[in-house]
Amino acid sequence: MKYYSTNGQAPYVTLQEAVVKGLAPDKGLFMPETIKLLPASFYENIGSLSFQEIAYTIAHAFFGDDIEKDTLKEIVYDTLNFDTPVVHVTDNIYSLELFHGPTLAFKDVGARFMARLLGYFIRKQGQKDVKVLVATSGDTGSAVANGFLGVEGIHVYVLYPKGKVSRIQESQFTTLGQNITAIEVNGTFDDCQTLVKAAFLDKELNSKLNLTSANSINVARFLPQAFYYFYAYAQLAKQGRANNVVFSVPSGNFGNITAGLIAKRMGLPIRRFIAANNSNDIFYEYLQTGEYNPRPSVQTIANAMDVGDPSNFVRILDLYNKSLSKIKKDISGEWYKDESIKETVKKTYTETGYLLDPHGACGYQALKDGLKPDETGIFLETAHPAKFLEVVEGIVNEKVPVPEKLQKFMKGEKQSVSLGKNFDGFKEYLLS
Ligand SMILES: *Cc1c(COP(=O)(O)O)cnc(C)c1O
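Attention here is on the structure that accompanies the text. (Residues numbered from 1 in each chain as written. Predicted model: local features only at pLDDT ≥ 70, side-chain atom pairs only at ≥ 80, totals over all residues. Heavy atoms only, no water.)

Between the first and last C-alpha of helix α16 (residues 338-352) there are 21 Å, a value that for 15 residues agrees with the 21 Å anticipated at 1.5 Å per step. Restricting attention to buried positions, one finds in α16 the residues I341, T344, V345 and T348. Buried residues of α16, viewed axially, fall in a sector of 95°; they line one side. Exposed residues on α16 whose side chains face more than 90 degrees from its buried face are E339, E343, T350 and E351. Contacts made by the buried residues of α16 are with β3 (86-90), α17 (358-370) and α18 (389-396). Downstream of α16 by one or two residues, G353 has phi in the positive range, about 85°. (Helix = DSSP H or I, 4+ residues; strand = E, 2+ residues; numbered from the N terminus. Expected span 1.5 Å × (residues − 1). Buried < 20%, exposed > 50% of the residue type's maximum accessible area, 1.4 Å probe, protein only. Arc of directions from axis to C-beta. Contact = heavy atoms within 4.5 Å.)

Now the structure itself:
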(Lines give C-alpha, C1' and ligand atoms only; values in the text may rest on other atoms or scores of the structure.)
Protein backbone atom coordinates (compact mmCIF):
# COMPACT_ATOMS: atom_id res chain seq x y z
CA MET A 1 0.00 0.00 0.00
CA LYS A 2 1.13 3.52 -0.77
CA TYR A 3 1.07 6.52 1.56
CA TYR A 4 0.22 10.08 0.56
CA SER A 5 0.95 13.39 2.23
CA THR A 6 -1.87 15.41 3.79
CA ASN A 7 -0.40 18.47 2.04
CA GLY A 8 -0.78 16.83 -1.37
CA GLN A 9 2.47 18.30 -2.70
CA ALA A 10 4.69 15.24 -2.34
CA PRO A 11 4.83 11.97 -4.28
CA TYR A 12 3.22 8.81 -2.90
CA VAL A 13 5.70 6.64 -0.98
CA THR A 14 6.05 3.05 0.17
CA LEU A 15 5.50 1.99 3.78
CA GLN A 16 9.24 1.70 4.20
CA GLU A 17 9.84 5.28 3.04
CA ALA A 18 7.00 6.59 5.18
CA VAL A 19 8.40 4.87 8.28
CA VAL A 20 12.02 5.85 7.69
CA LYS A 21 11.22 9.47 6.73
CA GLY A 22 8.47 10.11 9.29
CA LEU A 23 7.37 13.41 7.76
CA ALA A 24 6.59 13.97 4.06
CA PRO A 25 8.96 16.31 2.17
CA ASP A 26 6.13 18.88 1.83
CA LYS A 27 5.86 18.82 5.67
CA GLY A 28 2.52 16.99 5.54
CA LEU A 29 1.73 13.79 7.46
CA PHE A 30 1.53 10.45 5.70
CA MET A 31 -1.84 8.73 5.35
CA PRO A 32 -2.64 5.25 4.04
CA GLU A 33 -4.02 5.36 0.51
CA THR A 34 -6.92 3.04 1.39
CA ILE A 35 -8.64 2.20 4.64
CA LYS A 36 -9.98 -1.29 4.18
CA LEU A 37 -13.45 -2.15 5.36
CA LEU A 38 -13.24 -5.41 7.29
CA PRO A 39 -15.86 -8.06 6.51
CA ALA A 40 -18.97 -8.07 8.73
CA SER A 41 -18.13 -11.66 9.76
CA PHE A 42 -15.06 -10.34 11.59
CA TYR A 43 -17.28 -8.39 13.97
CA GLU A 44 -19.67 -11.28 14.47
CA ASN A 45 -17.16 -13.41 16.37
CA ILE A 46 -14.77 -10.69 17.51
CA GLY A 47 -15.56 -11.45 21.16
CA SER A 48 -13.90 -14.85 20.87
CA LEU A 49 -10.60 -13.51 19.50
CA SER A 50 -7.48 -12.63 21.49
CA PHE A 51 -5.88 -9.16 21.47
CA GLN A 52 -3.03 -10.45 19.33
CA GLU A 53 -5.37 -12.15 16.85
CA ILE A 54 -7.45 -8.99 16.48
CA ALA A 55 -4.36 -6.79 16.16
CA TYR A 56 -2.90 -9.05 13.49
CA THR A 57 -6.08 -8.73 11.40
CA ILE A 58 -5.88 -4.93 11.59
CA ALA A 59 -2.13 -4.89 10.93
CA HIS A 60 -2.62 -7.16 7.94
CA ALA A 61 -5.20 -4.76 6.47
CA PHE A 62 -2.61 -1.98 6.50
CA PHE A 63 0.76 -3.66 6.17
CA GLY A 64 -0.10 -7.04 4.62
CA ASP A 65 1.00 -5.99 1.12
CA ASP A 66 4.41 -4.87 2.33
CA ILE A 67 5.50 -7.41 4.96
CA GLU A 68 5.42 -11.21 4.81
CA LYS A 69 2.74 -12.83 6.92
CA ASP A 70 5.06 -14.55 9.38
CA THR A 71 7.19 -11.48 9.96
CA LEU A 72 4.17 -9.24 10.49
CA LYS A 73 2.70 -11.74 12.90
CA GLU A 74 5.95 -11.85 14.85
CA ILE A 75 6.09 -8.03 15.01
CA VAL A 76 2.47 -7.79 16.24
CA TYR A 77 2.75 -10.61 18.78
CA ASP A 78 6.05 -9.32 20.10
CA THR A 79 4.74 -5.73 20.38
CA LEU A 80 1.64 -6.76 22.32
CA ASN A 81 3.11 -8.87 25.08
CA PHE A 82 0.86 -7.07 27.59
CA ASP A 83 -2.89 -6.72 28.03
CA THR A 84 -5.18 -3.70 27.56
CA PRO A 85 -8.16 -4.71 29.70
CA VAL A 86 -11.53 -2.97 29.81
CA VAL A 87 -12.50 -2.43 33.43
CA HIS A 88 -15.95 -1.42 34.70
CA VAL A 89 -15.85 1.79 36.75
CA THR A 90 -19.44 2.86 37.33
CA ASP A 91 -22.89 2.70 35.66
CA ASN A 92 -22.34 2.46 31.90
CA ILE A 93 -18.75 3.72 32.04
CA TYR A 94 -15.66 1.57 31.41
CA SER A 95 -11.93 2.24 31.52
CA LEU A 96 -9.70 0.95 28.72
CA GLU A 97 -6.48 0.53 30.69
CA LEU A 98 -3.58 1.23 28.38
CA PHE A 99 -0.96 1.33 31.13
CA HIS A 100 0.11 -2.30 31.41
CA GLY A 101 3.09 -1.97 29.05
CA PRO A 102 6.75 -1.46 30.00
CA THR A 103 6.52 2.30 30.65
CA LEU A 104 2.90 2.29 31.85
CA ALA A 105 1.45 4.51 29.13
CA PHE A 106 -0.38 3.92 25.86
CA LYS A 107 2.60 5.16 23.85
CA ASP A 108 4.22 1.76 24.47
CA VAL A 109 1.98 0.21 21.78
CA GLY A 110 3.03 2.52 18.96
CA ALA A 111 6.65 2.83 20.06
CA ARG A 112 7.19 -0.94 20.33
CA PHE A 113 5.55 -1.57 16.98
CA MET A 114 7.59 1.11 15.27
CA ALA A 115 10.86 -0.13 16.78
CA ARG A 116 10.26 -3.62 15.43
CA LEU A 117 9.13 -2.42 12.02
CA LEU A 118 12.10 -0.09 11.63
CA GLY A 119 14.42 -2.90 12.76
CA TYR A 120 12.93 -5.12 10.07
CA PHE A 121 13.41 -2.54 7.31
CA ILE A 122 16.97 -1.84 8.40
CA ARG A 123 17.86 -5.53 8.25
CA LYS A 124 16.23 -5.78 4.85
CA GLN A 125 18.30 -2.87 3.53
CA GLY A 126 21.44 -4.33 5.08
CA GLN A 127 21.92 -1.10 7.02
CA LYS A 128 23.79 -0.88 10.26
CA ASP A 129 24.24 1.80 12.80
CA VAL A 130 21.02 3.77 12.38
CA LYS A 131 20.63 6.62 14.83
CA VAL A 132 17.16 7.47 16.11
CA LEU A 133 16.84 10.97 17.57
CA VAL A 134 13.94 11.86 19.83
CA ALA A 135 13.24 14.96 21.90
CA THR A 136 11.02 14.49 24.91
CA SER A 137 9.23 16.47 27.56
CA GLY A 138 8.81 13.21 29.51
CA ASP A 139 6.53 10.45 28.29
CA THR A 140 7.59 9.99 24.68
CA GLY A 141 11.24 9.45 25.56
CA SER A 142 10.51 6.57 27.89
CA ALA A 143 8.17 4.75 25.51
CA VAL A 144 10.55 5.16 22.56
CA ALA A 145 13.67 4.23 24.55
CA ASN A 146 12.05 1.12 26.00
CA GLY A 147 10.48 0.22 22.67
CA PHE A 148 13.86 0.25 20.92
CA LEU A 149 15.84 -1.28 23.79
CA GLY A 150 17.97 -4.11 22.42
CA VAL A 151 16.81 -3.70 18.79
CA GLU A 152 19.83 -4.53 16.68
CA GLY A 153 21.35 -1.97 14.34
CA ILE A 154 19.65 0.98 16.01
CA HIS A 155 20.99 3.43 18.58
CA VAL A 156 18.54 5.82 20.24
CA TYR A 157 19.42 9.30 21.52
CA VAL A 158 16.82 10.76 23.88
CA LEU A 159 17.19 14.51 24.35
CA TYR A 160 15.48 15.93 27.42
CA PRO A 161 15.50 19.27 29.26
CA LYS A 162 17.61 19.22 32.41
CA GLY A 163 15.55 19.52 35.57
CA LYS A 164 12.22 19.68 33.73
CA VAL A 165 11.05 16.07 33.73
CA SER A 166 9.93 14.18 36.82
CA ARG A 167 12.31 11.76 38.51
CA ILE A 168 10.15 8.80 37.54
CA GLN A 169 10.06 9.88 33.90
CA GLU A 170 13.81 10.52 33.83
CA SER A 171 14.57 7.11 35.33
CA GLN A 172 12.64 5.41 32.51
CA PHE A 173 15.12 6.45 29.84
CA THR A 174 18.36 7.23 31.70
CA THR A 175 18.84 3.85 33.40
CA LEU A 176 18.61 1.52 30.40
CA GLY A 177 22.12 1.49 28.93
CA GLN A 178 22.66 -0.82 25.93
CA ASN A 179 21.62 0.98 22.72
CA ILE A 180 20.00 3.90 24.52
CA THR A 181 21.79 7.17 25.31
CA ALA A 182 20.08 9.91 27.30
CA ILE A 183 21.25 13.44 26.55
CA GLU A 184 20.51 15.96 29.26
CA VAL A 185 20.24 19.33 27.58
CA ASN A 186 20.82 22.49 29.55
CA GLY A 187 17.70 24.17 28.16
CA THR A 188 13.98 23.69 27.58
CA PHE A 189 11.98 21.07 25.68
CA ASP A 190 11.82 23.48 22.75
CA ASP A 191 15.63 23.65 22.72
CA CYS A 192 15.74 19.83 22.55
CA GLN A 193 13.30 19.81 19.67
CA THR A 194 15.29 22.52 17.88
CA LEU A 195 18.48 20.43 18.18
CA VAL A 196 16.77 17.37 16.69
CA LYS A 197 15.27 19.37 13.83
CA ALA A 198 18.62 21.04 13.12
CA ALA A 199 20.28 17.62 12.98
CA PHE A 200 17.86 16.44 10.29
CA LEU A 201 18.55 19.56 8.24
CA ASP A 202 22.34 19.38 8.55
CA LYS A 203 23.86 18.14 5.27
CA GLU A 204 27.15 16.97 6.74
CA LEU A 205 25.50 14.95 9.51
CA ASN A 206 23.10 13.29 7.09
CA SER A 207 25.86 12.39 4.65
CA LYS A 208 27.91 10.75 7.41
CA LEU A 209 25.18 9.23 9.60
CA ASN A 210 21.92 7.33 9.11
CA LEU A 211 19.52 9.53 11.06
CA THR A 212 15.83 8.95 11.62
CA SER A 213 13.16 10.08 14.06
CA ALA A 214 10.66 8.21 16.21
CA ASN A 215 8.25 11.07 16.33
CA SER A 216 4.62 10.36 17.18
CA ILE A 217 3.46 11.41 13.72
CA ASN A 218 5.18 8.38 12.20
CA VAL A 219 2.62 6.04 10.60
CA ALA A 220 4.24 3.08 12.36
CA ARG A 221 3.42 4.66 15.72
CA PHE A 222 0.08 6.11 14.68
CA LEU A 223 -1.79 3.22 13.01
CA PRO A 224 -1.13 0.45 15.61
CA GLN A 225 -3.10 2.52 18.10
CA ALA A 226 -6.22 1.34 16.26
CA PHE A 227 -5.58 -2.18 17.62
CA TYR A 228 -6.93 -1.54 21.11
CA TYR A 229 -10.13 0.17 19.97
CA PHE A 230 -11.10 -3.12 18.29
CA TYR A 231 -10.02 -5.16 21.30
CA ALA A 232 -11.96 -2.90 23.70
CA TYR A 233 -15.06 -3.36 21.56
CA ALA A 234 -14.45 -7.12 21.54
CA GLN A 235 -14.28 -7.26 25.33
CA LEU A 236 -17.64 -5.50 25.64
CA ALA A 237 -19.15 -7.58 22.84
CA LYS A 238 -18.21 -10.71 24.78
CA GLN A 239 -20.31 -9.41 27.69
CA GLY A 240 -23.15 -8.36 25.37
CA ARG A 241 -22.57 -4.69 26.15
CA ALA A 242 -21.26 -3.36 22.88
CA ASN A 243 -24.33 -1.36 21.85
CA ASN A 244 -23.88 2.33 21.04
CA VAL A 245 -20.26 2.47 22.12
CA VAL A 246 -18.79 5.93 22.75
CA PHE A 247 -15.01 6.39 23.09
CA SER A 248 -13.75 9.32 25.13
CA VAL A 249 -10.10 10.04 24.40
CA PRO A 250 -7.82 12.31 26.46
CA SER A 251 -6.12 14.21 23.66
CA GLY A 252 -2.96 16.26 23.12
CA ASN A 253 -1.53 15.77 19.65
CA PHE A 254 -4.70 13.86 18.66
CA GLY A 255 -2.84 10.79 17.36
CA ASN A 256 -4.66 8.40 19.67
CA ILE A 257 -8.16 9.60 18.80
CA THR A 258 -7.36 9.72 15.07
CA ALA A 259 -6.42 6.03 15.21
CA GLY A 260 -9.89 5.45 16.68
CA LEU A 261 -11.49 7.36 13.81
CA ILE A 262 -9.64 5.05 11.44
CA ALA A 263 -10.99 2.01 13.32
CA LYS A 264 -14.50 3.38 12.79
CA ARG A 265 -13.73 3.87 9.09
CA MET A 266 -12.72 0.19 8.94
CA GLY A 267 -16.24 -0.62 10.08
CA LEU A 268 -15.87 -0.93 13.84
CA PRO A 269 -19.36 -0.12 15.17
CA ILE A 270 -18.55 2.95 17.25
CA ARG A 271 -21.37 5.45 17.67
CA ARG A 272 -19.22 8.51 18.34
CA PHE A 273 -16.07 9.95 19.93
CA ILE A 274 -15.40 12.60 22.52
CA ALA A 275 -12.10 14.51 22.41
CA ALA A 276 -11.34 15.34 26.05
CA ASN A 277 -8.89 18.18 26.60
CA ASN A 278 -7.37 20.11 29.46
CA SER A 279 -7.20 23.93 29.33
CA ASN A 280 -5.58 23.65 25.91
CA ASP A 281 -8.96 23.84 24.20
CA ILE A 282 -7.97 24.59 20.60
CA PHE A 283 -9.89 21.65 19.15
CA TYR A 284 -12.96 22.33 21.29
CA GLU A 285 -12.96 25.87 19.99
CA TYR A 286 -12.62 24.61 16.43
CA LEU A 287 -15.74 22.45 16.87
CA GLN A 288 -17.71 25.42 18.19
CA THR A 289 -16.54 28.08 15.73
CA GLY A 290 -15.08 26.26 12.73
CA GLU A 291 -11.88 28.22 13.26
CA TYR A 292 -8.58 26.63 14.11
CA ASN A 293 -6.39 28.99 16.08
CA PRO A 294 -3.18 27.31 17.25
CA ARG A 295 -1.46 29.07 20.13
CA PRO A 296 1.30 28.41 22.67
CA SER A 297 0.31 25.65 25.10
CA VAL A 298 -0.52 26.38 28.72
CA GLN A 299 0.87 24.19 31.48
CA THR A 300 -1.57 21.87 33.29
CA ILE A 301 -1.48 18.85 35.61
CA ALA A 302 -2.34 16.65 32.61
CA ASN A 303 0.94 17.72 31.03
CA ALA A 304 1.14 15.12 28.24
CA MET A 305 -1.85 16.95 26.74
CA ASP A 306 -0.31 20.43 26.91
CA VAL A 307 -0.36 20.96 23.17
CA GLY A 308 -1.33 24.22 21.47
CA ASP A 309 -1.15 23.06 17.86
CA PRO A 310 -2.09 19.36 17.68
CA SER A 311 -0.03 17.79 14.90
CA ASN A 312 -2.65 15.20 13.92
CA PHE A 313 -5.38 17.80 13.38
CA VAL A 314 -4.47 17.74 9.67
CA ARG A 315 -5.12 14.00 9.60
CA ILE A 316 -8.64 14.55 10.97
CA LEU A 317 -9.30 17.24 8.35
CA ASP A 318 -8.03 14.86 5.69
CA LEU A 319 -10.23 11.96 6.87
CA TYR A 320 -13.35 14.15 6.69
CA ASN A 321 -12.46 16.16 3.57
CA LYS A 322 -12.21 19.29 5.72
CA SER A 323 -15.96 19.19 6.44
CA LEU A 324 -16.76 20.60 9.88
CA SER A 325 -20.28 19.18 9.81
CA LYS A 326 -18.99 15.67 9.06
CA ILE A 327 -16.39 15.97 11.81
CA LYS A 328 -19.04 17.11 14.28
CA LYS A 329 -21.19 14.10 13.46
CA ASP A 330 -18.45 11.79 14.76
CA ILE A 331 -16.61 13.88 17.36
CA SER A 332 -17.65 16.23 20.13
CA GLY A 333 -15.34 18.02 22.54
CA GLU A 334 -15.00 18.79 26.24
CA TRP A 335 -12.28 20.52 28.18
CA TYR A 336 -11.43 20.77 31.88
CA LYS A 337 -9.42 23.13 34.03
CA ASP A 338 -6.94 21.75 36.57
CA GLU A 339 -9.39 22.38 39.40
CA SER A 340 -12.08 20.19 37.88
CA ILE A 341 -9.55 17.49 36.90
CA LYS A 342 -8.54 17.34 40.57
CA GLU A 343 -12.15 17.19 41.66
CA THR A 344 -12.83 14.33 39.24
CA VAL A 345 -9.85 12.29 40.48
CA LYS A 346 -10.87 12.82 44.10
CA LYS A 347 -14.58 12.22 43.68
CA THR A 348 -14.18 9.14 41.50
CA TYR A 349 -11.74 7.62 43.95
CA THR A 350 -14.01 8.29 46.93
CA GLU A 351 -17.19 7.11 45.23
CA THR A 352 -15.98 4.15 43.17
CA GLY A 353 -12.51 3.28 44.48
CA TYR A 354 -11.07 3.73 40.97
CA LEU A 355 -7.94 5.88 40.88
CA LEU A 356 -7.67 7.95 37.70
CA ASP A 357 -4.59 9.70 36.42
CA PRO A 358 -5.05 13.38 35.43
CA HIS A 359 -5.30 12.54 31.69
CA GLY A 360 -7.77 9.68 32.07
CA ALA A 361 -9.76 11.92 34.42
CA CYS A 362 -10.56 14.26 31.51
CA GLY A 363 -11.82 11.31 29.48
CA TYR A 364 -13.88 9.96 32.36
CA GLN A 365 -15.48 13.32 33.20
CA ALA A 366 -16.42 13.88 29.56
CA LEU A 367 -18.45 10.64 29.69
CA LYS A 368 -20.00 11.64 33.02
CA ASP A 369 -21.08 14.93 31.44
CA GLY A 370 -22.24 13.74 28.04
CA LEU A 371 -23.09 10.03 27.92
CA LYS A 372 -26.69 9.15 27.10
CA PRO A 373 -28.51 6.37 28.97
CA ASP A 374 -28.60 4.08 25.92
CA GLU A 375 -24.85 4.42 25.33
CA THR A 376 -21.86 2.51 26.69
CA GLY A 377 -18.89 4.76 27.38
CA ILE A 378 -15.23 3.74 27.27
CA PHE A 379 -12.58 6.26 28.25
CA LEU A 380 -8.94 5.62 27.45
CA GLU A 381 -6.89 5.48 30.65
CA THR A 382 -3.71 6.61 28.91
CA ALA A 383 -1.23 6.26 31.79
CA HIS A 384 -0.94 4.75 35.25
CA PRO A 385 -1.69 7.23 38.06
CA ALA A 386 1.64 6.44 39.76
CA LYS A 387 3.43 8.08 36.83
CA PHE A 388 2.11 11.37 38.23
CA LEU A 389 2.78 10.46 41.82
CA GLU A 390 3.12 13.87 43.49
CA VAL A 391 0.06 15.29 41.75
CA VAL A 392 -2.19 12.29 42.40
CA GLU A 393 -1.06 11.79 46.01
CA GLY A 394 -1.67 15.48 46.60
CA ILE A 395 -5.25 15.12 45.37
CA VAL A 396 -6.33 11.97 47.18
CA ASN A 397 -4.22 12.66 50.27
CA GLU A 398 -2.97 9.10 50.35
CA LYS A 399 0.13 7.18 49.38
CA VAL A 400 -0.28 5.69 45.90
CA PRO A 401 1.34 2.28 45.45
CA VAL A 402 4.05 2.35 42.78
CA PRO A 403 3.92 -0.69 40.46
CA GLU A 404 6.98 -2.90 40.50
CA LYS A 405 7.88 -2.04 36.90
CA LEU A 406 8.20 1.64 37.84
CA GLN A 407 10.12 0.91 41.03
CA LYS A 408 12.64 -1.07 39.02
CA PHE A 409 13.41 1.90 36.83
CA MET A 410 13.79 4.12 39.87
CA LYS A 411 16.35 1.76 41.38
CA GLY A 412 18.52 1.83 38.25
CA GLU A 413 21.56 4.05 37.98
CA LYS A 414 21.20 7.25 35.99
CA GLN A 415 23.52 7.47 33.00
CA SER A 416 23.39 10.54 30.82
CA VAL A 417 25.48 12.84 28.69
CA SER A 418 25.27 16.54 29.50
CA LEU A 419 25.19 18.98 26.61
CA GLY A 420 24.45 22.65 26.09
CA LYS A 421 21.72 23.84 23.79
CA ASN A 422 23.95 24.96 20.91
CA PHE A 423 23.92 22.80 17.82
CA ASP A 424 27.68 22.63 17.23
CA GLY A 425 28.23 20.76 20.48
CA PHE A 426 25.47 18.29 19.67
CA LYS A 427 26.77 17.76 16.15
CA GLU A 428 30.31 17.19 17.39
CA TYR A 429 28.99 14.67 19.89
CA LEU A 430 27.03 12.71 17.26
CA LEU A 431 30.05 12.59 14.94
CA SER A 432 32.51 11.55 17.65
C1 LIG B 1 0.71 11.40 24.88
C2 LIG B 1 -0.35 11.33 25.93
C3 LIG B 1 -1.67 11.78 25.70
C4 LIG B 1 -2.08 12.47 24.42
O5 LIG B 1 -2.15 11.58 23.34
P6 LIG B 1 -2.22 12.15 21.84
O7 LIG B 1 -2.16 10.96 20.96
O8 LIG B 1 -1.03 13.06 21.68
O9 LIG B 1 -3.51 12.91 21.71
C10 LIG B 1 -2.62 11.59 26.69
N11 LIG B 1 -2.29 11.03 27.87
C12 LIG B 1 -1.04 10.59 28.14
C13 LIG B 1 -0.75 10.00 29.46
C14 LIG B 1 -0.02 10.72 27.18
O15 LIG B 1 1.22 10.29 27.47
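The immediate surroundings of the ligand are formed by 15 residues, with K107, G252, N253, F254 and T382 found nearest. Interatomic distance of 2.8 Å between a backbone N/O atom of N253 and an oxygen atom of the ligand. One nitrogen or oxygen atom from the main chain of F254 is found 2.8 Å from an oxygen atom belonging to the ligand. In isolation the ligand offers 380 Å² of accessible surface; the protein chains occlude 95% of this area. Of the residues in the shell around the ligand, the class split is six nonpolar, seven polar and two charged. (Near = heavy atom within 4 Å. Polar contact = N/O pair within 3.5 Å; in protein donor to acceptor, adjacent residues only side chain to side chain. Areas by Shrake-Rupley, 256 points an atom, 1.4 Å probe, with all protein chains shown as cover. Nonpolar A, V, L, I, M, F, W, Y, C, P; charged D, E, K, R; others polar.)

In this structure the tally under the stated criterion is 15 salt bridges. Of the charged contacts in the structure, one is a salt bridge between K414 and E184, with a shortest N-O distance of 3.3 Å. You can see K414 sitting in the loop between α19 (404-411) and β13 (417-419) and its partner E184 sitting in strand β7 (residues 180-185), a full 230 residues away along the chain. The exposure class of K414 is partly exposed, given its relative accessible area of 41%. Owing to a relative accessible area of 9%, E184 belongs among the buried residues under this scheme. Salt-bridge contacts for E375 lead to R271; the nearest nitrogen and oxygen are separated by 2.9 Å. Of this pair, E375 sits in the loop between α17 and β12 (376-381) while R271 sits in strand β10 (residues 270-277), placing them 104 residues apart in sequence. Taking relative accessible area as the criterion, R271 reaches 35% and is therefore assigned partly exposed. (Salt bridge = Lys/Arg side-chain N within 4 Å of Asp/Glu carboxyl O.)

Turning our attention to the packing of aromatic side chains. Across all of its chains, the model carries 22 aromatic pairs by this definition. Taking the centre distance of 6.0 Å and the plane angle of 40° together, the rings of Y4 and Y12 count as tilted. Given the relative accessible area of 48%, Y12 is considered partly exposed. Between Y292 and F313, the aromatic rings sit 3.9 Å apart at their centres with planes inclined by 10°, giving stacked as the arrangement. (Phe/Tyr/Trp six-rings, centres within 6.5 Å; stacked < 30°, edge-to-face > 60°.)

On to helix α8 (residues 189-201), then. Compared with an ideal rise of 1.5 Å per residue, which puts 13 residues at 18 Å, α8 spans 19 Å between its outermost C-alpha atoms and is within 8% of the ideal. Those residues of α8 not exposed but buried are D191, C192, L195, V196 and A199. The arc enclosing the buried residues of α8, seen along the axis, measures out at 140°, which places them on a common side. Exposed and facing more than 90 degrees away from the buried side of α8 are D190, T194, K197 and L201.

A separate point is the environment of S207. Looking at the element boundaries, S207 is found in helix α9 (residues 203-208). In this structure the side chain of S207 is engaged in a polar contact, spanning 2.8 Å, whose partner is the backbone oxygen of E204.

It is worth spelling out the side chain of K131 at this point. Mapped onto the elements, K131 comes out in strand β5 (residues 130-135). The exposure class of K131 is buried, given its relative accessible area of 8%. Excluding anything up to four places from it in sequence, K131 contacts H155, Y157, L209, N210, L211, T212 and L430.

By the criterion of burial, strand β4 (residues 93-97) is predominantly enclosed, with five of the five residues buried. Neither face of β4 is exposed, since I93, S95 and E97 on one face and Y94 and L96 on the opposite face are all buried. Direction of pairing for β3 relative to β4: antiparallel, over a ladder of four bridges. Following the sheet pairing, V87 is matched in β4 by S95. Following β3, the chain reverses through two residues before pairing antiparallel with β4; D91 in that reversal takes a positive phi of roughly 40°. (Pairing = 2+ DSSP bridges.)

What the five strands build is an open sheet, ordered β8-β5-β6-β7-β13; its pairing is parallel. Two strands in the sheet have a free side with no partner beyond their single neighbour: β8 (210-213) and β13. Along the sheet, successive strands turn relative to each other by an average axial angle of 30°, direction set aside. With three bridges connecting them, β7 and β13 associate as parallel partners. (Axes fitted to C-alpha atoms, helices over the stretch in contact; angles between N-to-C directions.)

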